[in-house]
Amino acid sequence: MRNEFRLAGHGAARMTPRKQHMEIKGRELEYLERRGQRIRKMSISVDASCNVIVRAPAWAAHGDVEKFIAENYSWIENSLAEMSASRRQPIDGTDGSVAILHGKEMTVMTHPTNDASLEGRYELDRNAGVLRIFTSDNCSDAIPVLARFYFDMTAKYLGTRIPEIESITGLCAERYEIGTYRSKWGSCSSAGIIRFNSKLSLFPYELMDYVIVHEMCHLKNRRHDTRFWESVSSFIDDVGVKRKRMRSIALGVRFAW
Ligand SMILES: [Zn+2]
């Protein structure tokens, strides 16, 4: 009896933060909710790993917690941006910098050249983990060359993978496009056009697959409701883990374009 009482009053269930999701301003916010008898009022913090932690009294209604988060959402956004900006690795094509391809780090080596046939080209040595970029004399075009490298790598994978995933899901977009965006990895329009970010080859293949499936599932359901996540999960394992990995990889880098 005593053990049962201890579990109910002071046990692990109360101490372990619960992972929660809410949709806010069209975006999905994941946060860790800590409840406790000793917590008197609600508060929000952002830790060094960019986790949003919400503390609330045990008696607070779920709706009130969500309301509190909504009221403080701009603070959360700013804190996340600040926390991550300080730790981000620049992907900017400078000599000796890092380029991440499918989750693996490559060292960028710039080679200024006067040879017009080489200028603007790149050469990937996967085994050595080196990406050579041939630039003009003053290296001013390193970023466009690097941007084209990411575009090409993204296009290459999507080109082979989309038909395969179409046959698995039975879903097929009107058209697929690749564009360059700051913050979105994919989108699906009401006209059935799916767009992918040219920087998507940053991510390991299984995360690219997740993005492809995610956008394809939007062809049937434009919202992020329970049924949507069920359909994504019917094709992709551990969706929650994959989304978290994507977020942490994305938060770890800063593209120069
Ligand atoms: Zn979506």
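Colleague: Is there a simple way to think about unusual backbone geometry in this case?
Modeller: Negative phi characterises most residues that are not glycine, and trans characterises most peptide bonds. Of note in the backbone geometry, His 102 takes a positive phi value of approximately 45° without being a glycine. Inspection of the secondary structure assignment puts His 102 in the loop between β6 (98-101) and β7 (104-112). Under the C-beta neighbour-count criterion, His 102 is labelled partly exposed, with 17 such atoms within 10 Å. Unlike most non-glycine residues, Asp 238 shows phi in positive territory, near 50°.

Colleague: Just to check I follow, could you spell out the sheet that holds strand β11 (residues 186-188) for this structure?
Modeller: Where strands meet in a sheet, backbone hydrogen bonds hold them as pairs that are either parallel or antiparallel. Across the sheet, which stays open at both edges, the three strands sit in the order β10-β12-β11 with mixed pairing between neighbours. The two strands at the open ends of the sheet, each matched to only one other strand, are β10 (175-179) and β11. Across the sheet, the mean angle separating the axes of adjacent strands is 20° when strand polarity is ignored. The sheet contacts of helix α5 (residues 142-169) involve β10 and β12 (193-197), and relative to β10 the element is tilted by about 160°.

Colleague: Please explain the packing of helix α6 (residues 205-217) against helix α8 (residues 239-251) as it appears in this structure.
Modeller: For any two helices packed against each other, one specifies the crossing angle of their axes together with the interaxial distance. Packing of α6 against α8 leaves a shortest axis separation of 10 Å and a crossing angle of 110°. Considering the angle they form, α6 stands roughly perpendicular to α8. When α6 is examined against α8, the residues Glu 206, Leu 207 and Tyr 210 are found in contact with a partner set consisting of Val 239, Lys 242, Arg 245 and Met 246. Residue classes in the contact of α6 with α8 are distributed as four nonpolar, no polar and three charged.

Colleague: Can you walk me through the domain arrangement of the chain in this structure?
Modeller: How large an interface is tends to be reported as the accessible area lost when its parts come together. Under the domain assignment, the chain is made up of domain 1 (2-85) and domain 2 (91-255). Computed from C-alpha atoms alone, the centre-to-centre distance between domain 1 and domain 2 is 32 Å.

Colleague: What is the right way to look at the sheet that holds strand β4 (residues 52-57) in this model?
Modeller: Taken in spatial order, the four strands line up as β1-β2-β4-β3 in an open sheet, and their pairing is mixed. Of all the strands in the sheet, the pair left with one neighbour each is β1 (18-24) and β3 (43-46). Averaged over all neighbouring strand pairs, the angle between strand axes comes to 35°, with direction disregarded. The sheet contact formed by strand β2 (residues 27-36) and β4 spans five bridges and is parallel. Bridge pairing in β4 places Gly 36 opposite Pro 57. In the packing of helix α4 (residues 73-85) onto the sheet, contacts are made with β1, β3 and β4, and the angle to β3 comes to roughly 20°.

Colleague: Looking at this structure, how should I read the pairing of β7?
Modeller: As a general feature of sheets, a regular strand has side chains that alternate between the two faces. Where β6 lies against β7, four bridges are found, and the strand directions are antiparallel. In the strand pairing of β7, Val 98 is matched with Thr 107. Between β6 and β7, which pair antiparallel one after the other, the connecting turn spans two residues, and His 102 there sits at a positive phi close to 45°. In this structure, β7 lies alongside strand β9 (residues 130-135), joined through six bridges in parallel fashion. Bridged to Val 108 within β9 is Leu 131.

Colleague: Looking at this structure, I do not really get the packing of α6 against helix α7 (residues 226-233). What am I missing?
Modeller: Between α6 and α7, whose axes approach to 9 Å, the crossing angle comes to 135°. By the angle between their axes, α6 is oblique relative to α7. Relative to α7, the crossing made by α6 is right-handed. Residue-level inspection shows Val 213, His 214 and Cys 217 of α6 in contact with α7, the latter providing Phe 228, Ser 231 and Val 232. Split by residue class, the contact of α6 with α7 holds four nonpolar, two polar and no charged.

Colleague: Would you mind showing me how to read the nonpolar core here?
Modeller: Within soluble globular proteins, side chains that are nonpolar generally end up buried alongside one another. Residues Leu 200, Met 208, Val 211, Val 213 and Met 216 are the most contacted members of the largest nonpolar core, which totals 20 residues. If you tally residues by element for this core, the top one is α6, at eight residues. Every residue in contact with Met 216, bar those within four places of it in the chain, is listed here: Ile 165, Thr 169, Leu 171 and Ala 173.

The rules behind these values
- Residues numbered from 1 in each chain as written.
- Predicted model: local features only at pLDDT ≥ 70, side-chain atom pairs only at ≥ 80, totals over all residues.
- Helix = DSSP H or I, 4+ residues; strand = E, 2+ residues; numbered from the N terminus.
- Buried ≥ 20, exposed ≤ 12 C-beta atoms within 10 Å, placed from the backbone.
- Pairing = 2+ DSSP bridges.
- Axes fitted to C-alpha atoms, helices over the stretch in contact; angles between N-to-C directions.
- Contact = placed C-beta atoms within 7 Å.
- Parallel < 35°, antiparallel > 145°, perpendicular 65-115°, else oblique.
- Nonpolar A, V, L, I, M, F, W, Y, C, P; charged D, E, K, R; others polar.
- Domains from an automatic or database assignment.
- Left-handed = near helix turned anticlockwise from the far one by under 90°.
- Core = buried A, V, L, I, M, F, W, Y, C linked by C-beta atoms within 7 Å.

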